[in-house]
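# Survey of secondary and tertiary structure
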Amino acid sequence: MQQSLLISFIVPAFNAQLTLAGCVGSIVRTMSSCGAGYEVVIVDDGSTDQTPALALALAQQYEEVRVVRQGNGGLGAARNRGINEARGQYLSFVDADDEIEVSHGSDFSVLALEPDIVAIPILKVSTSGRTSVYGNVTQRIPFGKSFATAKEYLRRRNVIPCVCAYLWRRERLQTRFSEGIFHEDEEFTVLAMLNGGRLMCCNTLFSYRYFVREGSITNSEANAHKRKADFQLIIDRLRGYARAHPQYEPYMRAKLLWLRFDYFRLYKVFYKVIRFFIRL
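This report concerns the structure included in the present document. (Residues numbered from 1 in each chain as written. Predicted model: local features only at pLDDT ≥ 70, side-chain atom pairs only at ≥ 80, totals over all residues. Heavy atoms only, no water.)

## A look at the sheet that holds strand E12 (residues 206–211)
The sheet built from four strands is open, its strands ordered E5-E12-E7-E8 with mixed pairing. Looking along the sheet, the strands with just one partner apiece sit at the ends: strand E5 (99–102) and strand E8 (131–133). Ignoring which end each strand starts from, the neighbouring axes of this sheet average 35 degrees apart. Sitting on the sheet, helix H1 (residues 20–34) is in contact with E5 and E12, with an inclination near 20 degrees to E5. (Pairing = 2+ DSSP bridges. Helix = DSSP H or I, 4+ residues; strand = E, 2+ residues; numbered from the N terminus. Axes fitted to C-alpha atoms, helices over the stretch in contact; angles between N-to-C directions. Contact = heavy atoms within 4.5 Å.)

## Quick notes on the pairing of strand E1 (residues 7–13)
Summarising burial for E1: seven of the seven residues are buried, a large majority. Going residue by residue along E1, you find Ile 7, Phe 9, Val 11 and Ala 13 tucked away on one face and Ser 8, Ile 10 and Pro 12 tucked away on the opposite face as well. Note that E1 and strand E2 (residues 38–45) share seven bridges and pair parallel. Bridging across to E2, Pro 12 finds its partner in Val 43. At this point the chain moves from E1, through H1, to the parallel E2, and the crossover so formed is right-handed. In the sheet, E1 pairs with strand E4 (residues 90–93) via four bridges, with the strands oriented parallel. Paired with Ile 7 across the strands is Tyr 90, a residue of E4. (Buried < 20%, exposed > 50% of the residue type's maximum accessible area, 1.4 Å probe, protein only. Right-handed = clockwise from strand over helix to strand, strands pointing away.)

## A look at helix H2 (residues 51–61)
Those residues of H2 that sit buried are Thr 51, Pro 52, Ala 55 and Leu 58. All buried residues of H2 project into a common sector of 125 degrees when viewed along the axis, lining one side. Away from the buried face of H2 by more than 90 degrees, exposed residues Leu 56, Gln 60 and Gln 61 are located. Close packing links the buried residues of H2 with E1, H1, E2 and strand E3 (65–70). (Arc of directions from axis to C-beta.)

Structure, rendered in structure tokens:
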């Protein structure tokens, strides 16, 4: 194992001047405390604020940080660029408005076993500062367990879709993000797990801190229609993939059901249908 470059942290940044320094700083603090080799790849996705200058300043401040720039292509395109630029054995995706933190008793020796995917804790931080475990009961990660293949982990499980909740072994990862759409994580995670090897659930590396922010892409009402259409698109694509690859259908069945449920829940389709029949 090349300890000098164990993890590449891919940080897509678009107009992230208010949060980028905190994000990168959290990575530097966490990794410096554990002594594991790492790099931070900031992908400036055509920012129009002070993000480019800030990213360059961070690269001058920390030798582990480097910056690549591209025209605005969206989160999927920026993450794909990061994958192509990364040099570490493992990839970790960190959004520019989120952070990571060291786990108690941090131990990176699990990566010496070279799992292909590692599930890590992901915490949700509300606007009031309250921290809770991300996801729900059906998405609970069984820390301490190992699965011979990632698709076995996917079977009968409503896996957390957020790619930030996993480390991905670079040489094994063949999946890329669909560009120009929302909810690209939902598609990427399923396909990567279907084609991934051994998966381990480990809470001794670091935790991901997802900050809920008003006005973010995820919570913006301006994007609501496209988010809904893209969610349906992802469901249709994955259903089509299952039909085209029947050997994978048993592993995808549960997740597809949960995706349909989440579609109804997130976009309140169920309640609209109920109200429609009540009016009759």
